[in-house]
Amino acid sequence: MDIIIASFIEEVIVPKFNYWIYVILMMIGLFAMITKNNLIKKLIGMAIFQTAIILLYVSVGVKSEANIPIISHHGHQEHVEHAQDENHSPKPEVSTDDKSEKGDHHTIDKDKFANPLPHVLMLTAIVVGVSTLGLALAISQKVHGSFGTLEEDEILDQLKPGGHD
Amino acid sequence: MIIVGSLLLSATKDFPDWGDQDSPANDGPVSSFYIEKTEEKTKVPNMVTAVLADYRGYDTMFETVVIFIAGIGIIAVLRTYGNNDSTPKNQVGDEGAGLLAKITCSLILPFIQLFALYVVAHGHHSPGGGFQGGVMLGASYILLALAYGLARAKSCFSEKRTLVFAVVGIIIYVGWGVLCLIMGKEFLNYSALDSILPGGVEMARSHSMLAVEIGVALTVTAVMFSMFSNLSTKGRLDKGL
């Protein structure tokens, strides 16, 4: 039994642990959004949900042995040395010969840089998340001002026609 | 909840492994194009900024508009004008924090603002850009409001100036796109500007990214501070936290 669990962890969870964390975080956020009664707690759930999605996208863009997606001019020497080390790999476009042919337009090995596209998309998501969170906080502040509470059931009670105002 | 979670977890076994270089997302033509051609075409080493401000210019423009609308929405929801008599008069005054906090903030604030401007201006060579720098700049004003009281921060960055900054930021971005239209290319196609900006087509795109990032930074700074000041005073903008 222990061996089965250990092999399950090793083969199923470890290679995909980023997705496991993302699913767990997203379920925490969804749980908070659905079941919590307090509006602020719902907003916290929404923020956790957004964080989970950001984690999913950014972790998809990760490449092993890749660096940040910024082309460094200073570390160029190191880059060339690194390329020579891996010349036997099936990526022939990274070679010092190529570089000398094309002058200073050194070719760029896409495996050396993390995928920039998820980062850009998530930059957008973070910004939109901040906007929605700010606006939602403002609205809940207004709700608290007019109802005196942030609990959803108490607000619904007050909104009933027979309820006390 | 558990059902949805286990469904999602069962789907993860079809997902690419952690750090897989040949996963569809990493090996696709779009990402490869961005990585391999960005510097050649735009002379911008930071691909994230290049994709954000150039290739996905529409996205970023409307993102800025989203921020602006959120700021306007908060003002519309919360802001109350005139003096509110229901305000309890015995609140903590607006004198700000203690002496130690004030001195620390006055020492640290110039560096925060300088670094924020650096992040905006150097965003296409190092990590950074308009959003990040704008948030830092906004945070510096929030720190000022926390340490010295909101009145002091508002004397630097009044409500009217906040709105003007936000609008000017949008106008810079959209105006830059319209300028490209006037110069005969598509909206936000920065290569149209090579005749009025120095350094050829590639540098024109690079400079244009800087320009739109400045626009973004102005809007973000203004909206961040406006969000803070409205939320912390329930829209009265008189007394801070």
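Residues numbered from 1 in each chain as written. Chains lettered and ligands numbered in written order. Predicted model: local features only at pLDDT ≥ 70, side-chain atom pairs only at ≥ 80, totals over all residues.

Some words on the overall build of chain B
Next, step 1: Tallying secondary structure elements over chain B gives ten helices and zero strands in all.
Next, step 2: Start at the N end of chain B and walk to the C end: the helices and strands fall as α-α-α-α-α-α-α-α-α-α.
Next, step 3: The buried share of chain B, reckoned over its 241 residues, is 41%.
Next, step 4: Contacts in chain B between residues at least 24 apart in sequence constitute 69% of all its contacts with a sequence separation of at least 6. (Helix = DSSP H or I, 4+ residues; strand = E, 2+ residues; numbered from the N terminus. Buried ≥ 20, exposed ≤ 12 C-beta atoms within 10 Å, placed from the backbone. Contact = placed C-beta atoms within 7 Å.)

Topic: the overall build of chain A
Next, step 1: Along the backbone of chain A there are seven helices and zero strands.
Next, step 2: Each helix and strand of chain A, ordered N terminal to C terminal, gives the series α-α-α-α-α-α-α.
Next, step 3: Within the span of chain A, comprising 165 residues, buried residues form 25% of the whole.

Considering helix α9 (residues 159-182) of chain B
All names here are of chain B.
Next, step 1: Its 24 residues give α9 an end-to-end C-alpha distance of 34 Å, which sits within 8% of 34 Å, the value for a rise of 1.5 Å per residue.
Next, step 2: For α9, the secondary structure elements touched by its buried residues are α5 (57-78) and α10 (200-233).
Next, step 3: Count one or two residues on from α9 and you reach Gly184, which has phi positive near 105°. (Expected span 1.5 Å × (residues − 1).)

A closer look at the interface of chain B and chain A
Next, step 1: The interface is formed by 45 residues belonging to chain B together with 43 residues belonging to chain A.
Next, step 2: Taken together, the elements giving at least two residues each to the side of chain B that touches chain A come down to α1 (2-11), α2 (24-27), α3 (29-42), α4 (47-55), α5 and α10 of chain B.
Next, step 3: Taken together, the residues of the side of chain B that touches chain A sort by class into 25 nonpolar, eleven polar and nine charged. (Nonpolar A, V, L, I, M, F, W, Y, C, P; charged D, E, K, R; others polar.)

Observations regarding the nonpolar core
Next, step 1: Of all hydrophobic cores here, the largest spans 67 residues; its most connected members are Val51, Val220 and Val223 of chain B.
Next, step 2: Beyond its immediate stretch of four places on either side in the chain, Val223 of chain B contacts Ile67, Phe68, Ala70, Gly71 and Ala166 of chain B.
Next, step 3: Listed in part, the six residues of the second largest apolar core include Tyr22, Val23, Met26 and Met27 of chain A. (Core = buried A, V, L, I, M, F, W, Y, C linked by C-beta atoms within 7 Å.)

Description of the confidence of the model for chain A
Residue and element names in this part refer to chain A.
Next, step 1: Taken as a whole, chain A shows an average pLDDT of 74; of its residues, 74% reach a score of 70 or greater.
Next, step 2: The weakest mean pLDDT in chain A belongs to helix α5 (residues 96-101) at 39; the strongest belongs to helix α3 (residues 39-60) at 89.
Next, step 3: Per-residue pLDDT stays below 50 along residues 75-105; that stretch engages in 17 contacts with residues further than four places along the chain or on separate chains. (pLDDT = per-residue confidence, 0-100.)

Some details on the packing of α3 of chain B against α4 of chain B
Residues and elements named next belong to chain B.
Next, step 1: The contact between α3 and α4 brings their axes to 10 Å, and the two run at 70°. By the criterion of interaxial angle, the relationship of α3 to α4 is roughly perpendicular. Between α3 and α4, the contacting residues are Tyr34, Ile35, Thr38 and Thr42 on the first element and Met47, Ala50, Val51, Asp54 and Tyr55 on the second.
Next, step 2: Looking at the contact of α3 with α4 residue by residue, the class counts come to six nonpolar, two polar and one charged. (Axes fitted to C-alpha atoms, helices over the stretch in contact; angles between N-to-C directions. Parallel < 35°, antiparallel > 145°, perpendicular 65-115°, else oblique.)

Focus: α4 of chain B
Next, step 1: Counting buried positions over the nine residues of α4 of chain B gives nine, a clear majority of the element.
Next, step 2: Turning to α4 of chain B, its buried residues number three or more, namely Met47, Val48, Thr49, Ala50, Val51, Leu52, Ala53, Asp54 and Tyr55 of chain B.
Next, step 3: Packed against the buried residues of α4 of chain B are α6 (116-147) of chain A together with α3, α5 and α10 of chain B.

Describing the environment of Ile69 of chain B
Next, step 1: In this structure, Ile69 of chain B sits in helix α5.
Next, step 2: Between the alpha carbons of Ile69 of chain B and Val223 of chain B there is a distance of 9.2 Å; along the sequence they are 154 residues apart.

Structural notes on the environment of Ile74 of chain B
Next, step 1: Structurally, Ile74 of chain B can be placed in helix α5.
Next, step 2: Looking at Ile74 of chain B, the number of C-beta atoms within 10 Å reads 27, which means it is buried.
Next, step 3: On a C-alpha basis, the gap between Ile74 of chain B and Val223 of chain B in space is 9.4 Å, while along the polypeptide they are 149 residues apart.
Next, step 4: Sequence-distant contacts of Ile74 of chain B, defined by excluding residues within four places in its chain, comprise Gly134, Leu135 and Ala138 of chain A together with Ser226, Met227 and Asn230 of chain B.

Let's talk about the environment of Leu137 of chain A
All names here are of chain A.
Next, step 1: Inspection of the secondary structure assignment puts Leu137 in helix α6.
Next, step 2: A count of 19 C-beta atoms within 10 Å places Leu137 in the partly exposed class.
Next, step 3: Along the chain, Leu137 and Thr51 lie 86 residues apart, while their C-alpha atoms are 18 Å from each other.

Notes on the packing of α6 of chain A against α5 of chain B
Helix-helix packing is described using two parameters, namely the angle between the two axes and the distance between the axes.
Next, step 1: At a minimum axis distance of 9 Å, the contact between α6 of chain A and α5 of chain B shows a crossing angle of 10°. Classified by the interaxial angle, the pair formed by α6 of chain A and α5 of chain B is roughly parallel. On α5 of chain B, the residues touching Thr124, Val127, Val128, Ser131, Gly134, Leu135, Ala138, Ile139, Gln141 and Lys142 of chain A of α6 of chain A are Asp59, Glu63, Val66, Ile67, Ala70, Gly73, Ile74, Val77 and Leu78 of chain B.

Brief notes about the confidence of the model for chain B
Caution applies to low-pLDDT regions: their predicted coordinates should not be interpreted in detail.
All names here are of chain B.
Next, step 1: Across chain B, the average pLDDT comes to 79, with 88% of residues at or above 70.
Next, step 2: Every residue in residues 85-93 is under pLDDT 50, and counting partners more than four places away or in other chains gives two contacts.
Next, step 3: Scoring the predicted complex yields pTM 0.74 and, for the interface, ipTM 0.76.

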